[in-house]
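A look at the structure
Residue-level listing of the chains:
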Amino acid sequence: MTTSEPILSIRDLVVSYGAIKALHGISMDVYEGEIVCVIGANGAGKSTLLNSVMGAVPVEKGEILFEGKPLVRRSYKVVASGICLVPEGRKIFGPLTVSENLMVGAFLRKDKERIQEDLEWVYTLFPRLKERKDQPGATLSGGEQQMLSIARSLMSSPRVLLLDEPSLGLAPILIKEIFDELKLINERGVTIVLVEQNARQALMLSHRGYVMQTGRVIIQGPSAELLSDPRVKMAYLGKLKA
Ligand code: ATP
């Protein structure tokens with residue numbers, strides 16, 4: 001489901017860390033209702049891309065448009081405008097309970113009734129979090145912490161959810177569970193940008209994909225086409241032949 005105007009548009013983005021150029025003029029469009037994946041090896045610049053959308057790293061050149069307007073890249077304003085990041089490494093609040101972590105996700109919202117509805121929705125999506133709602137976040141397993149990190153972001157009621165390697169360190173069965181839940185989240189109308197090293201599963205879940213290498217987009221297209229692209233197969237899917 002796409003409309004003609006992208007909901008999120010990244011244009012010629014350049015980001016450097018001192019002398020190291022991490023993004024060399026990246027451009028990317030994301031349309032409402034899509035799941036877009038970004039794959040690439042370690043150090044390709046995937047996290048930098050998401051962090052620059054969130055206003056967490058300074059942009060040297062280029063622009064980021066949300067619904068056609070320049071995004072004010074201060075993290076709380078980005079969240080308030082409808083974009084939320086599920087960061088690499090989960091970054092949940094260990095001493096806070098599951099339900100307290102979730103309420104932190106909703107801290108910018110004033111619509112109390114909708115907050116309650118969304119809380120019920122994330123507990124339906126992740127029943128294990130409901131069972132553990134009074135338990136400190138630090139006592140959850142890695143997979144449950146990843147669920148909590150996603151659920152906490154959903155509590156900000158995002159229109160666009162950015163995820164930085166949600167499969168990292170998880171067993172295959174949990175990865176499948178998390179990816180199934182991402183599909184349900186998308187079906188509820190949330191646009192998703194998924195950064196992943198787990199290229200095959202990310203391409204199978206998403207509508208379109210971008211392949212990054214050393215700060216540049218080298219291949220892009222519908223995910224089904226990327227899955228059968230010999231260059232993608234050879235470099236990212238562990239197959240030597242097309
Ligand atoms: P990974 O899959 O390993 O997380 P990535 O594709 O997300 O990698 P980034 O983390 O965005 O890549 O890193 C892109 C480049 O920028 C790398 O060369 C990295 O060493 C460099 N880099 C990232 N963060 C910093 C930082 N805070 N200071 C200096 N260099 C950085």
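In the block above lies the structure referred to throughout.
First things first, this report covers the structure right here in the doc. As the structure is a prediction and not an experimental result, all values here were calculated from the model. (Residues numbered from 1 in each chain as written. Predicted model: local features only at pLDDT ≥ 70, side-chain atom pairs only at ≥ 80, totals over all residues. Heavy atoms only, no water.)

**Digging into the pattern of salt bridges**
Oppositely charged side chains can form a pair if their charged atoms are brought close together. Counted according to the given criterion, the structure contains 16 salt bridges. Between Glu144 and Arg128 there is a salt bridge; the shortest N-O distance is 3.8 Å. One end of the pair, Glu144, is in helix α6 (residues 142-154); the other, Arg128, is in helix α5 (residues 127-131), with 16 residues separating them in the sequence. Of the residues examined, Glu144 reaches a relative accessible area of 8% and is grouped as buried. Where Arg128 meets Glu177, a salt bridge forms, and the shortest distance between an N and an O atom there is 2.9 Å. Of this pair, Arg128 sits in helix α5 while Glu177 sits in helix α7 (residues 172-187), and the two are 49 residues apart along the sequence. (Salt bridge = Lys/Arg side-chain N within 4 Å of Asp/Glu carboxyl O. Helix = DSSP H or I, 4+ residues; strand = E, 2+ residues; numbered from the N terminus. Buried < 20%, exposed > 50% of the residue type's maximum accessible area, 1.4 Å probe, protein only.)

**Brief notes about the environment of Leu108**
Structurally, Leu108 is set in the loop between α3 (98-105) and α4 (112-125). In the structure, Leu108 is positioned 40 residues away from Gly68 in sequence and 23 Å away in space, judged by C-alpha atoms. Residue contacts for Leu108: discarding those within four places in its chain leaves Tyr76, Val79 and Ala80. (Contact = heavy atoms within 4.5 Å.)

**Things to note about the site of the ligand**
Around the ligand, the surrounding shell holds 13 residues, and the nearest of these are Asn42, Gly43, Lys46, Ser47 and Thr48. Here the ligand loses 62% of its free accessible area of 630 Å² to cover by the protein chains. Broken down by element, the residue count for the shell around the ligand peaks at three residues, all from helix α1 (residues 46-53). (Near = heavy atom within 4 Å. Areas by Shrake-Rupley, 256 points an atom, 1.4 Å probe, with all protein chains shown as cover.)

**Some remarks on α3**
Within α3, the full set of buried residues consists of Val98, Asn101, Leu102 and Gly105. When α3 is viewed along its axis, its buried side chains cluster within an angular range of 100° and face the same direction. Buried-residue contacts for α3 involve α4, α5 and α6. (Arc of directions from axis to C-beta.)

**Comments concerning the pairing of strand β6 (residues 83-86)**
Residues Ile83 and Leu85 line one face of β6 and the alternating positions Cys84 and Val86 line the opposite face, and both faces are buried. With four bridges joining them, β6 and strand β7 (residues 160-164) adopt parallel strand pairing. In the strand pairing of β7, Ile83 is matched with Val160. (Pairing = 2+ DSSP bridges.)

**A look at the environment of Gly142**
Following the sequence through the fold, Gly142 ends up in helix α6. Remark: the alpha-carbon pair of Gly142 and Ser167, spanning 25 residues in sequence, is separated by 10 Å. Look past the residues within four positions of Gly142 in its chain and what remains in contact with it is Arg90 and Leu170.

**Some words on the environment of Gln116**
Secondary-structure assignment places Gln116 in helix α4. Assessed through its relative accessible area of 42%, Gln116 is described here as partly exposed. Separated by 53 residues in sequence, Gln116 and Gly169 have C-alpha atoms that sit 31 Å apart.

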